[in-house]
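What follows is each chain in one-letter form.
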Amino acid sequence: MSDDSTTGEPPVFGDESVGVYETVFREMADAVFLIDVERTKHDYEFIFRRNNASHRQRTGLSEDELRGQTPRELLGDEQGATVAANYRRCAEQRETIEYEERLDLPGGTSYWQTKLSPIVEDGRVSQIVGVARDITAQKEQERELKRVNRRFETVLETMSAAVFLKDTDGTYLLMNQACRELFGVGDEDITGLTDDDLFPPATAQEARANDRQVAENGEILEIEETVPTATGSTVRLTRKSPVYDDDGDIVAVCGVSTDITEQKERERELQRLKERFELAVEGANLGVWDWDMTTDEVEFNEQWARMLGHSPDEIEPHLEAWEQRVHPDDLDQVEAALEDHLAGETDRYDTEHRMRTADGEWKWIRDIGEVSERDENGDPVRAVGIHLDINERKEYERTIEQQRDNLEVLNQIVRHDVRNALQLVLAYGDMLEDTVGEDGEAGLRQLLEAGEEAVDITRTAGEVTEVLLHSEDDRTPVNVRSVLTEQVDDVRASHERATVSVEGRIPNVTVLADEMLESVFRNLLNNAVAHNDEELPEITVSVTDDDGTVRVRIADNGPGIPDDQKEQIFEEGEKGFDSNGTGLGLYLVRTLVDRYGGDVWVEDNEPEGSVFVVTLRSRE
């Protein structure tokens, strides 16, 4: 084939040339095929004549299958028409043309870069030589590269981090959406953009210096910087990396910038909290421990060591440093409490135990801790806690307990001796009253009444002592009918001139009280008689149980109590408007009723007198 093939002049072949071209045709690595071209009245007809070995191998078409076939016959109507159109273009232009095409052949679908050259004889195109190069692999690589690029662009545009690319002169080549939004620029505004257009001079100068360091030294820089933006300054962590070309030269700088404003604020807040915690720990003298349960290493703070009289460097950072200092008598219950918590049976580990100090003494410690971390199997791997110095509290508790024991013994002695003395006084008083009689000397009777008052004062004082020795924890179920009936009988026996009656039947109810409940009823009954100026005092007792509330009413026919004194009479030391007593009786009543969770007050009786009302909660 000579240059004349593209000028309309027929090529000239000698015998030697024909042999050469035939050899080239057969041995070429590219797929070569020959097409006869015949001109019809209105169109061209293209008929395949032959193909070389490479074409046969790559297409799966033998020479016999190819020879004599038109494009439509060989490739089908649609694909044949497309191929024939390229052949027609080559014949009409009478010059070499190149194009890419996709063909479905017996050997499979493949992509080709095809070159068609016309052979002109007698002024017309008689044949077309086609040379095709299989570019299927290249096309697949291009498609894969496009897929990767699309994925990369999608990732790039959806990243929350700002990503940018600059050339080595500092001009922006690319910004993702997050970066464009950060600086308030549009995609079309990036061309020619530099840091001088975005930042104040000092910031732009620092950015250029960082870029030069990356471009000149090939370093990867990670910079924490405050970046002014359209919406305000943000703290960002920016990573700048060099970009290389195929020759290994640095041609650009790639940056990835992440907003860490909230993170830095959290770090600052965490630091503030840490400082406050350390101040609180130091101010409260709290010993802090942090136990790695996988290694039994324990970190103790300075207060933990000094609480036991040690310096921090004297305490080994190990669990044994704690175990060796716990009092042997306390160790079992401490370990039991710890095991219960580690097993999840308690919310936290909380014990009080003794620990040996540096001078060999024992100090009481409250030890509180909690598992703070577990592994994927739920096993504890870390626990933290505190030590509180409760030695002074324990000393105080021991002192109080000893005083309570002493008071209890004293109370028993006083109750025994005073009650015995009271019984003797009362017995002698009865004998003296029988001896003196109604017409005895006035002075002797006055002495007798004074003795009776002394007995009453002594009894009340003893009851107040008992109240002081009891607490709410001492309450037990008490039957109201039993206690009240006994006190009514005692008042009837000791006050013959008074009439004490009970309305209806006292309900058989139980309240949560103690043995001092008898003092409540005794003081109210005796008060109703003692402060009654009638010749024949009349006392009426009634009890109701309504929806869990027990109401005891003790009414008298005395002079009554003025409204301005109805609350005052229950105060400590208040003797009432016409009383010569201790002022402790009604104070004792209110104190006990409050302790039982009830209430007490006084009302007017009809037509005259007072009614003391006590309410208590029944115990179901």
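Here the structure is shown first, and the text comes after it.
Fair warning: this is a prediction, and the values are worked out from it, not measured in the lab.

**Q** Quick one: what's the story with the overall build of the chain, residue by residue and with numbers?
**A** Across its full length, the chain carries 18 helices and 22 strands. Restricting the contact set of the chain to residue pairs at least 6 apart, pairs at least 24 apart contribute 50%.

**Q** Lay out the packing of helix H17 (residues 517-530) against helix H18 (residues 585-595) in plain terms, naming residues and giving numbers.
**A** Remark: H17 packs on H18, axes separated minimally by 9 Å, with the N-to-C direction vectors making an angle of 145 degrees. The interaxial crossing formed by H17 with H18 has left-handed handedness. The segment H17 lies against H18, with Ser519, Val520, Asn523, Leu524 and Asn527 engaging Gly585, Leu586, Leu588, Val589, Leu592 and Val593. Here the contact of H17 with H18 is built from residues that sort into seven nonpolar, four polar and no charged.

**Q** Let's hear about the packing of helix H16 (residues 480-494) against H17: which residues, and what values?
**A** With their axes 9 Å apart at the nearest point, H16 and H17 run at an angle of 35 degrees to one another. Considering the relative orientation of H16 and H17, their crossing is right-handed. On H17, the residues touching Val480, Val483, Leu484, Gln487, Val488 and Val491 of H16 are Leu517, Glu518, Phe521, Arg522, Leu525, Asn526 and Val529. Looking at the contact of H16 with H17 residue by residue, the classes come out as nine nonpolar, two polar and two charged.

**Q** So what's going on with the side chain of lysine 363? Residues and values would help.
**A** Relative to the assigned elements, lysine 363 resides in strand S14 (residues 362-374). By relative accessible area, lysine 363 is classed as buried at 19%. A polar contact of 3.0 Å, which involves the side chain of lysine 363, links it to the backbone oxygen of methionine 307. Reaching out from lysine 363, the side chain makes a polar contact with the side chain of aspartate 389 at a distance of 3.2 Å.

**Q** Describe unusual backbone geometry, and please don't skip the residues or the numbers.
**A** With omega at 5 degrees, the peptide bond leading from glutamate 606 into proline 607 counts as cis. Relative to the helices and strands, proline 607 is located in the loop between strand S21 (599-604) and strand S22 (610-617). Residue aspartate 122 is not a glycine yet carries a positive backbone phi of 55 degrees. Take aspartate 122: it is sitting in the loop between strand S4 (108-121) and strand S5 (124-134). Accessibility expressed as a relative area gives 75% for aspartate 122, which makes it exposed. Despite not being glycine, aspartate 296 shows a phi value in the positive range, around 65 degrees. The residue aspartate 296 is located in the loop between strand S11 (287-292) and strand S12 (297-300) in this model.

**Q** Mind laying out the packing of aromatic side chains, listing which residues take part and the relevant values?
**A** In this description, a pair of aromatic rings is defined by centroid distance and the angle of the planes. One pass over the full model with this rule turns up nine aromatic pairs. An aromatic cluster is present here, built from Phe33, Tyr44, Phe46, Phe48 and Tyr87 joined pairwise through their rings. We note lysine 394 situated over the ring of tryptophan 364; from NZ or CZ to the ring centre the distance is 4.5 Å. Over the aromatic face of phenylalanine 570 sits the side chain of arginine 590, whose NZ or CZ is 4.6 Å from the ring centroid.

**Q** Talk me through the sheet that holds strand S8 (residues 221-227); I want residue IDs and the actual numbers.
**A** Pairing is antiparallel across the open sheet formed by five strands, whose spatial order is S7-S6-S10-S9-S8. The strands lining the two open edges of the sheet, one partner per strand, are strand S7 (172-175) and S8. If you compare each strand with its neighbour and ignore which way they point, the axes differ by 25 degrees on average. Pairing of strand S6 (residues 162-167) with S7 involves three bridges; the strand directions are antiparallel. Considered in S7, the bridge of leucine 165 is made with leucine 174. Running at roughly 30 degrees to strand S9 (residues 234-244), helix H9 (residues 201-217) makes contact with S6, S8, S9 and strand S10 (250-259) of the sheet.

**Q** Residues and numbers for the pattern of salt bridges, please.
**A** Under the counting rule described, the total for this entry stands at 40 salt bridges. Between aspartate 64 and arginine 67 there is a salt bridge, and its shortest N-O distance comes to 3.2 Å. You can call arginine 67 partly exposed: its relative accessible area is 41%. One salt bridge connects lysine 166 with aspartate 195, and the closest N-O pair in it is separated by 2.6 Å. You can see lysine 166 sitting in strand S6 and its partner aspartate 195 sitting in helix H8 (residues 195-198), a full 29 residues away along the chain. You'll find lysine 166 and aspartate 195 in the same group, each marked buried.

**Q** Give me H9: which residues, what numbers.
**A** The periodicity of an α-helix, 3.6 residues per turn, causes residues three or four positions apart to be oriented the same way. Over its 17 residues, H9 extends 24 Å from the first C-alpha to the last, a length consistent with the 24 Å expected when each residue adds 1.5 Å. Residues of H9 that are buried include every one of Ala204, Ala207, Asn210, Asp211, Val214 and Ala215, and no others. Relative to the axis of H9, the buried residues are bounded by an arc of 130 degrees and lie together on one face. Residues of H9 that are exposed and point more than 90 degrees away from the buried face comprise Pro201, Ala202, Gln205 and Glu216. Where H9 is buried, its residues meet S6, H8, S8, S9 and S10. One or two steps after H9, the chain reaches glycine 218, where phi turns positive at roughly 70 degrees.

Conventions we followed
Residues numbered from 1 in each chain as written. Predicted model: local features only at pLDDT ≥ 70, side-chain atom pairs only at ≥ 80, totals over all residues. Heavy atoms only, no water. Helix = DSSP H or I, 4+ residues; strand = E, 2+ residues; numbered from the N terminus. Contact = heavy atoms within 4.5 Å. Axes fitted to C-alpha atoms, helices over the stretch in contact; angles between N-to-C directions. Left-handed = near helix turned anticlockwise from the far one by under 90°. Nonpolar A, V, L, I, M, F, W, Y, C, P; charged D, E, K, R; others polar. Buried < 20%, exposed > 50% of the residue type's maximum accessible area, 1.4 Å probe, protein only. Polar contact = N/O pair within 3.5 Å; in protein donor to acceptor, adjacent residues only side chain to side chain. Phe/Tyr/Trp six-rings, centres within 6.5 Å; stacked < 30°, edge-to-face > 60°. Lys NZ or Arg CZ within 6 Å of the ring centre and 35° of its normal. Pairing = 2+ DSSP bridges. Salt bridge = Lys/Arg side-chain N within 4 Å of Asp/Glu carboxyl O. Expected span 1.5 Å × (residues − 1). Arc of directions from axis to C-beta.

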